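# Report on the structure
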Amino acid sequence: LSKWNTVENINEYGYRSDNFDGGGDGFMFLGCSLTEGYALEQEETWPWIVGKHFDIKVWNLAKGGAGDDLCFMNALTWISKLKPKAVCMLIPSPGRFKFFDYNREKLHKEFFLYGLPKKPKFPWLFNPKHLYLSALKNIMGIKLICDEYDIPFVIKSPTTFSWVDTARDNKHPGPKWQKKVSKLFIKELQKYF
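Overview of the structure. (Residues numbered from 1 in each chain as written. Predicted model: local features only at pLDDT ≥ 70, side-chain atom pairs only at ≥ 80, totals over all residues. Heavy atoms only, no water.)

## Thoughts on the pattern of salt bridges
Proximity of charged atoms lets side chains of opposite charge pair with each other. Formally: The term salt bridge refers to a pairing of a side-chain nitrogen on Lys or Arg with a carboxyl oxygen on Asp or Glu at a separation within 4 Å. Numbering of helices and strands runs from the N terminus, with a helix taken as a DSSP run of H or I at least four residues long and a strand as a DSSP run of E at least two residues long. Exposed residues in this analysis have more than 50% of their type's maximum accessible area, buried residues have under 20%, and partly exposed residues fall in between, with area computed by a 1.4 Å probe over protein chains only.
Applying the stated criterion across every chain, the model contains 6 salt bridges. Notably, a salt bridge pairs Asp 25 with Lys 85, separated by 3.7 Å at the nearest N-O pair. Within this pair, whereas Asp 25 is found in the segment before β1 (26-30), its partner Lys 85 is found in the loop between α3 (68-82) and β3 (86-90), the two being separated by 60 residues in sequence. On the basis of relative accessible area, Lys 85 is assigned to the partly exposed category, the value being 34%. Ionic pairing is found between Glu 44 and Arg 168, a salt bridge with its closest N-O pair at 3.0 Å. Here Glu 44 is found in the loop between α1 (33-36) and α2 (46-54), whereas its partner Arg 168 is found in the loop between β4 (153-156) and α6 (175-189), with 124 residues between them in sequence. Beyond isolated ion pairs, a larger network of salt bridges with shared partners links Lys 156, Glu 188 and Lys 191.

Okay, here's the thing in structure tokens:
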């Protein structure tokens with residue numbers, strides 16, 4: 001159990017996901033804690049609601065605190081291996097960069113938009129135009145990979161949905177919000193399945 005008394009169900013690769021064995025009969029989900037389902041039961045989250053609707057495996061590669069850089073890296077690594085029937089992405093908040101070989105504690109203080117000091121060390125990284133362009137490149141990269149394998153790519157922004165309830169931590173959206181998100185993804189996916 002997590003500190004919120006929820007069952008984590010972490011797979012062999014550290015994701016809150018079905019196992020990656022078998023490939024081909026699942027949907028891939030990309031995002032941050034809103035997709036991972038932080039402080040919620042797995043079945044309360046939009047990826048699991050979508051998976052249940054289509055009676056298909058859920059490969060949820062979302063990570064709390066992660067951004068679109070990690071979404072792209074996960075797509076690059078796992079789409080060719082899992083060959084999902086669809087890839088769904090709820091765009092993470094901007095300003096969450098992925099850097100290699102960098103102290104994690106220092107990284108959090110210097111490179112995460114929501115934790116920045118008043119005068120960030122690298123202010124150009126957080127210029128809205130740069131944030132938009134950075135996200136756009138990652139999204140286009142994921143789309144390119146999906147197109148290469150003829151896989152539908154469904155993408156939504158969390159700003160589309162107002163919060164109607166909260167999760168057990170009172171900092172993330174709750175089950176009603178997750179249900180609203182799942183309905184929009186289901187509607188889009190029904191165009192393909």
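The structure having been displayed, the exposition proceeds.
## A few points about the packing of aromatic side chains
By convention here, two paired aromatic rings are described through the distance between centres and the angle between planes. How we decide: Between the rings of Phe, Tyr and Trp (Trp by its six-membered ring), a pair exists once the centres lie within 6.5 Å; its type follows the angle of the planes, with under 30 degrees stacked, over 60 edge-to-face, and the other angles tilted.
Tallied over the entire structure, the rule returns 11 aromatic pairs. When the ring of Phe 29 is compared with that of Trp 46, the centres are 5.3 Å apart and the planes differ by 80°; the resulting orientation is edge-to-face. Residue Phe 29 is located in strand β1, and its partner Trp 46 is located in helix α2; the two are separated by 17 residues in the primary sequence. On the accessibility criterion, Phe 29 (0% relative accessible area) is buried. The class of Trp 46 is buried, set by a relative accessible area of 0%.

## Focus: unusual backbone geometry
Backbone phi values are negative for most residues with the exception of glycine, while trans is the configuration of most peptide bonds. Unusually for a residue other than glycine, Lys 83 sits at a positive phi of about 50°. For Lys 83, the position within the fold is in the loop between α3 and β3. You will see that Asn 170, though not glycine, has its phi angle at about 60°, which is positive. Within the element layout of this structure, Asn 170 appears in the loop between β4 and α6.

## Observations regarding the pairing of β1
For clarity, the cut-off: Here, any two strands with at least 2 DSSP bridges between them count as paired.
With 5 of 5 residues buried, β1 lies mostly within the body of the structure. Here β1 shows a buried face lined by Gly 26, Met 28 and Leu 30 and a second buried face lined by Phe 27 and Phe 29. Bridge analysis of β1 against strand β2 (residues 57-60) gives 4 bridges, and the strand direction is parallel. Residue Phe 29 lies in a different strand from β2, and its bridge partner there is Asn 60. Bridging between β1 and β3 involves 4 bridges; their strand directions are parallel. Bridging from a neighbouring strand, Phe 27 pairs with Ala 86 of β3.

## Quick notes on α2
Where we set the bar: Note on contacts: a residue pair is in contact if any heavy atoms of the two residues lie within 4.5 Å.
In terms of residue burial, α2 counts as a mostly covered element, since 7 of its 9 residues are buried. What α2 keeps buried is the set Trp 46, Pro 47, Trp 48, Ile 49, Val 50, Gly 51 and Phe 54. Along its buried surface, α2 packs onto β1, α1, β2, β3 and α6. Just downstream of α2 lies Asp 55, where phi reads positive at about 50°.

## Considerations on the side chain of Glu 44
Test applied: Whenever a nitrogen or oxygen atom comes within 3.5 Å of another N or O atom, the pair is scored as a polar contact, on the condition that within protein one atom can donate a hydrogen and the other can accept it, and that pairs from neighbouring residues in sequence are kept only if both atoms are in side chains.
In terms of polar contacts, Glu 44 uses its side chain to reach the backbone amide nitrogen of Glu 41, at 2.7 Å. If we ignore the near neighbours within four places in the chain, the residues touching Glu 44 are Ile 49, Arg 168, Pro 175 and Gln 178.

## A word on the packing of α2 against α6
Definition in use: Inter-axis angles, ranging from 0 to 180 degrees, are taken between N-to-C directions of lines fitted to C-alpha atoms, where helices are fitted over the stretch in contact. Orientation is classified from the angle alone, with under 35 degrees giving roughly parallel, over 145 giving roughly antiparallel, 65 to 115 giving roughly perpendicular, and any other angle giving oblique. Handedness of each helix crossing follows the sense of rotation of the near helix against the far helix: counterclockwise by less than a right angle gives left-handed, clockwise gives right-handed. When residue character is reported, Ala, Val, Leu, Ile, Met, Phe, Trp, Tyr, Cys and Pro are called nonpolar, Asp, Glu, Lys and Arg charged, and the others, Gly included, polar.
Their axes nearest at 8 Å, the elements α2 and α6 cross at an angle of 45°. Relative to α6, the element α2 is oriented oblique. Remark: the crossing between α2 and α6 carries right-handed chirality. The residues of α6 that touch α2, namely those facing Trp 46, Pro 47, Ile 49, Val 50, His 53 and Phe 54, are Gln 178, Lys 179, Val 181, Ser 182, Phe 185, Ile 186 and Leu 189. Looking at side-chain class alone, the contact of α2 with α6 contains 9 nonpolar, 3 polar and 1 charged residues.

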